[in-house]
Amino acid sequence: MLHPIESRQDVFRPRVAGSTVPAQRGPDTEDNPWHTGAACRRDEAGLFFAPSKEPTAARLAREEQAKRVCARCPVLLECREHALVLPEPYGVWGGLTAAERRVILARRRRHDQDLRIAG
Ligand code: SF4
């Protein structure tokens, strides 16, 4: 089975492996999509997605490591919103785990529902 990050090359094109400098970013366009500025690299996919049957302590440590990469990423907000809107069901995106994204999405749904009731 393909790793999610590998199967989403249309969406996710991390910068050149080995480079330590994020790609220069201009406005988000079809020719210059947000993910061209990603701080993560394709060879780091194992950091962002859980292997099967990963023990909890290992998962927490791996997710913290992935979040440290995200924390220095210039496209964190774009990545986070992409993962929320799609929604991406697995992995760390935009500094959030899948469980953290589910909490945000549930809050957004409740907020939207409250607005509909009030409106
Ligand atoms: S926020 Fe994290 S997962 Fe998203 S592009 Fe940046 S480093 Fe990669």
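One structure accompanies this document, and this report is about it.

Analysis parameters
Residues numbered from 1 in each chain as written. Predicted model: local features only at pLDDT ≥ 70, side-chain atom pairs only at ≥ 80, totals over all residues. Heavy atoms only, no water. Helix = DSSP H or I, 4+ residues; strand = E, 2+ residues; numbered from the N terminus. Contact = heavy atoms within 4.5 Å. Areas by Shrake-Rupley, 256 points an atom, 1.4 Å probe, with all protein chains shown as cover. Near = heavy atom within 4 Å. Nonpolar A, V, L, I, M, F, W, Y, C, P; charged D, E, K, R; others polar. Salt bridge = Lys/Arg side-chain N within 4 Å of Asp/Glu carboxyl O. Buried < 20%, exposed > 50% of the residue type's maximum accessible area, 1.4 Å probe, protein only. Phe/Tyr/Trp six-rings, centres within 6.5 Å; stacked < 30°, edge-to-face > 60°. Core = buried A, V, L, I, M, F, W, Y, C linked by side-chain atoms within 4.5 Å.

1. Observations concerning the overall build of the protein chain
- Counting secondary structure elements, the protein chain contains 5 helices and 0 strands.
- Seen in sequence order, the protein chain has helices and strands lined up from the N terminus as α-α-α-α-α.
- Nonlocal contacts in the protein chain, meaning residues at least 24 apart in sequence, comprise 48% of its contacts between residues at least 6 apart.
- Carbon and sulfur atoms provide 56% of the accessible area of the protein chain, an area that totals close to 7700 Å².

2. Points about the site of the ligand
- Looking at the ligand, there are 11 residues lining it, with Ala-38, Cys-40, Cys-70, Cys-73 and Cys-79 nearest.
- Contributions of two or more residues to the shell around the ligand are made by helix H3 (56-71) and helix H4 (76-85).
- Partitioning the shell around the ligand into residue classes produces 10 nonpolar, 1 polar and no charged.

3. Section: the pattern of salt bridges
- Applying the stated criterion across every chain yields a total of 6 salt bridges.
- Close ionic contact of Asp-43 with Arg-41 constitutes a salt bridge, the shortest N to O distance being 3.1 Å.
- Given the relative accessible area of 53%, Asp-43 is considered exposed.
- A salt bridge links Glu-54 to Arg-62, with the nearest nitrogen and oxygen atoms 2.8 Å apart. Across the pair, Arg-62 and Glu-54 agree in class, each one buried.
- Here the salt bridges share partners, and the residues they tie into one network are Arg-41, Asp-43 and Glu-44.

4. Details of the packing of aromatic side chains
- In the structure shown here, the tally under the stated rule is 1 aromatic pair.
- Their ring planes at 80 degrees and their centres at 6.3 Å tell us that Phe-49 and Trp-93 sit as a pair that is edge-to-face. Linking Phe-49 in the loop between helix H2 (45-48) and H3 with Trp-93 in the loop between H4 and helix H5 (98-118), this pair joins segments that are 44 residues apart in sequence. In this pair, the class of Phe-49 matches that of Trp-93, namely buried.

5. Topic: H4
- Among all positions of H4, only Leu-76, Cys-79, His-82, Ala-83 and Leu-84 are buried.
- Those residues of H4 that are buried are in contact with H3 and H5.

6. Examining the nonpolar core
- Within the largest apolar cluster, 17 residues are counted, with the highest numbers of intra-cluster contacts made by Phe-48 and Val-69.
- Of all the secondary structure elements, the ones that give two or more residues to this core are H2, H3 and H4.
- For Phe-48, the residues in contact, after removing those within four places along its chain, are Cys-40, Arg-62, Ala-66, Val-69, Cys-70, Gly-91 and Val-92.

7. Quick notes on the side chain of Lys-67
- Structurally, the position occupied by Lys-67 is in helix H3.
- Assessed through its relative accessible area of 19%, Lys-67 is described here as buried.
- For Lys-67, the residues in contact, after removing those within four places along its chain, are Val-92, Gly-95, Thr-97 and Glu-100.

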